[in-house]
Protein chains: 2
Amino acid sequence: MSGIADVARLAGVSKSTASRALTGGGYVSDETRRRVQDAAGSLGYVPTTSAVSLATGRTNTVALIVPRVNRWYFGSIIEGVERTLIPRGYDLTLYVAEPDSRDRASLYSHFLARKRFDGVIAVALEPDDADIARLLSFGKPTVCIGNELAEIATLGIDNTAIGRMITQHLLALGHRAIVFLGATPKGEPTAHDVIDRIAGYRQAMSGAGLSDRTGVYESTLTITDGYAAAAALLADVESRPTAIVAACDEIAIGAIVAARRLGIAVPSQLSVVGVDGHDYAEMFALTTVEQRPAAQGEQAVDILLGMVDNADAPARSTIPVQLVVRASTAAPR
Amino acid sequence: MSGIADVARLAGVSKSTASRALTGGGYVSDETRRRVQDAAGSLGYVPTTSAVSLATGRTNTVALIVPRVNRWYFGSIIEGVERTLIPRGYDLTLYVAEPDSRDRASLYSHFLARKRFDGVIAVALEPDDADIARLLSFGKPTVCIGNELAEIATLGIDNTAIGRMITQHLLALGHRAIVFLGATPKGEPTAHDVIDRIAGYRQAMSGAGLSDRTGVYESTLTITDGYAAAAALLADVESRPTAIVAACDEIAIGAIVAARRLGIAVPSQLSVVGVDGHDYAEMFALTTVEQRPAAQGEQAVDILLGMVDNADAPARSTIPVQLVVRASTAAPR
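Worth saying up front: this structure is predicted, and the values here are computed from it rather than measured.

## A word on the sheet that holds strand β8 (residues 243–246) of chain B
Backbone hydrogen bonds are what pair the strands of a sheet, in a parallel or an antiparallel way. All names here are of chain B. Taking strand neighbours across the sheet as the criterion, the six strands line up as β7-β6-β8-β9-β10-β12 in an open arrangement whose pairing is mixed. Taken across any chain shown, the strands that pair with only one partner, and hence form the sheet edges, are β7 (216–218) and β12 (322–324). Direction aside, the axes of adjacent strands within the sheet are offset by 20° on average. Packed onto the sheet, helix α11 (residues 249–261) meets β6 (178–183), β8, β9 (271–276) and β10 (287–290) and runs at close to 155° relative to β9.

## Considering the packing of aromatic side chains
Residue and element names in this part refer to chain A. Evaluated as defined, the whole model comprises eight aromatic pairs over all chains. Measuring from centroid to centroid gives 5.8 Å for F180 and Y201, while their planes differ by 50°, and the two rings are tilted. One end of the pair, F180, is in strand β6 (residues 178–183); the other, Y201, is in helix α9 (residues 192–207), with 21 residues separating them in the sequence. With respect to class, F180 is no different from Y201; both count as buried. For the cation-ring pair, K140 lies above F117, with the distance from its terminal atom to the ring centre recorded as 5.8 Å.

## Let's talk about the sheet that holds strand β7 (residues 216–218) of chain A
All names here are of chain A. If you trace the six strands from one edge of the open sheet to the other, you get β7-β6-β8-β9-β10-β12, paired in mixed fashion. Of all the strands in the sheet, just β7 and β12 (322–324) have a single pairing partner and so form its edges. The mean inter-strand angle of the sheet, taken between neighbouring strand axes irrespective of direction, is 20°. Seen against the sheet, α9 touches β6, β7, β8 (243–246) and β9 (271–276) and runs at an angle of roughly 170° to β6. In the packing of helix α11 (residues 249–261) onto the sheet, the strands contacted are β6, β8, β9 and β10 (287–290), and the crossing angle to β9 comes to about 155°.

## Examining the packing of helix α3 (residues 30–43) of chain A against helix α5 (residues 72–88) of chain A
Residue and element names in this part refer to chain A. Running from amino to carboxyl end, α3 crosses α5 at an angle of 65°, the nearest separation of the two axes being 8 Å. Considering the angle they form, α3 stands roughly perpendicular to α5. Contacts between α3 and α5 involve D30, R33, R34 and Q37 from the first element and I86, P87 and R88 from the second. Within the contact of α3 with α5, the residues separate by chemical class into two nonpolar, one polar and four charged.

## Quick notes on unusual backbone geometry
Here V266 of chain A and P267 of chain A are connected by a cis peptide whose omega angle stands at 10°. Non-glycine residue A124 of chain A carries a positive phi angle of around 65°. One can find A124 of chain A in the loop between β3 (119–123) and α7 (131–137). Classification of A124 of chain A by relative accessible area gives partly exposed; the value is 24%. Positioned with a positive phi, R292 of chain B is a non-glycine residue whose angle comes to about 40°. Note on placement: R292 of chain B falls in the loop between β10 and α12 (293–308).

How each quantity is defined
Residues numbered from 1 in each chain as written. Chains lettered and ligands numbered in written order. Predicted model: local features only at pLDDT ≥ 70, side-chain atom pairs only at ≥ 80, totals over all residues. Heavy atoms only, no water. Pairing = 2+ DSSP bridges. Helix = DSSP H or I, 4+ residues; strand = E, 2+ residues; numbered from the N terminus. Axes fitted to C-alpha atoms, helices over the stretch in contact; angles between N-to-C directions. Contact = heavy atoms within 4.5 Å. Phe/Tyr/Trp six-rings, centres within 6.5 Å; stacked < 30°, edge-to-face > 60°. Buried < 20%, exposed > 50% of the residue type's maximum accessible area, 1.4 Å probe, protein only. Lys NZ or Arg CZ within 6 Å of the ring centre and 35° of its normal. Parallel < 35°, antiparallel > 145°, perpendicular 65-115°, else oblique. Nonpolar A, V, L, I, M, F, W, Y, C, P; charged D, E, K, R; others polar.

Shown next, in the form of structure tokens:
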């Protein structure tokens, strides 16, 4: 049976480097880690991780908490996190639980309490969330993606600035009847990113002297709900807006599909702008703000593993975004 | 500090039941497990899992292998698996790696070789996949979702029967010019589910005496590629089919969007049928075959944890499916 010395010899590194590469204890370059993993693989050498874990306290595992999987934003983050962890030799333990749910409660009382992770990445926690204190109580490195939180390193976009930017884009084209579609429906958990985007929309409208022309309509953040909400909003010809600021691309796409069904031409009769940079944005010629969630997942891993190796973490990293103008927005007719 | 005896007392169960509930060693009802987990949570009691693992060989972890996250089918399976594992007290380790990729290779040589799981669920392995032998070499309970595989318990739908069923639906409406959209493009990895759906399409066409009228076109399984492929296919008025059998709902939705852009009315000028039962099917009034992947994920967990507890597993479970007829299919004009 092969030992760590054989692995080190085959990989052309010292025994201690080979050991670090396989157990995650300290810095090894990605290239060296790959070479050691390949050598270990070809020799069939595997460290006994339960024993390694008892000895080192390291689990080589990162826990990722998301409210759900099947939305493009969350799916992209998961893919970004995973493809960054694999070359670093880390396992990803995925926890899917909606805020305030029974599953979310057992996540803290049972799953995370087992502390089988070296660090946590949590997505879309709310600033007033009771989860934050529980998360911090584990004493493990923690990075959040989404809203800015006290005491936790966070990574995210400036949602107020984005709400302002996309509304100003429509104002600059000459629109006045601009509504916001995608406020969180009553009874649903608070979503601070949406609240901030609405605040930005109001600021821009107010800046253009249109405070009394604002209109904010509810929709959950899906294509299907955006479609239904837009169909209701656009049904009355008299009150119809000339432009929609959608809380996210899914709602914007739903609104474009609804407009087409109602025979309303986009963009000549209706402009629509979203936020996200969804995979479907180009197909629907959607003007949107790209926030690249997969890259946010990658960056969260870099920050987290830096913390695991005792480096300092930034309190807040604001991700740069980009307005991509396509054919869903134009001057009103 | 609280011990297992305190947890058992608070939950009103024996010490051995409390221990089983927290470590996964043997059968405990979901209700009892919840009660014990709640008691442990409120007392702050957590078993030292590295030590538990060394002593029992149990990890209370299931590994899930998927080629990607950000497709509705895979996202739904992940959600179904996760929501079934949480009440059973199991962690989910997620491995995202495309077949034949560098990440897929390191998955077997490094990650899975650490054996930090009690069982594996693998999605969309191909019957000729070299991964299968490596997966079996770990000697852990394994369940696959997707294609039927030798030696591994599999769970899936009958893709040939489905291809036949949706083609026969169009034939019964009076269509003759029916094409299949969604063959795997050259250079992409083989997809047996698609091959089987094409075989079913050909059987139905042949059964109607239309062997010489078949047409099979390439597209990857996404809305954007389905849109582009359909736009090319529908551009020529002369050769345009009256109906499209799409390999999956994403392609069918892309085809509907492309038809609308080209001014082709669905269903009066073009019928489109898909396979999946995608979240968007209703919004696009899509006739489709519902295969409920989240339920497949749930069922895979039930079978797998049965195997972990030494029960026999079925060699192959075929999931019942249902044709849902909506307004994307009608008699040709």
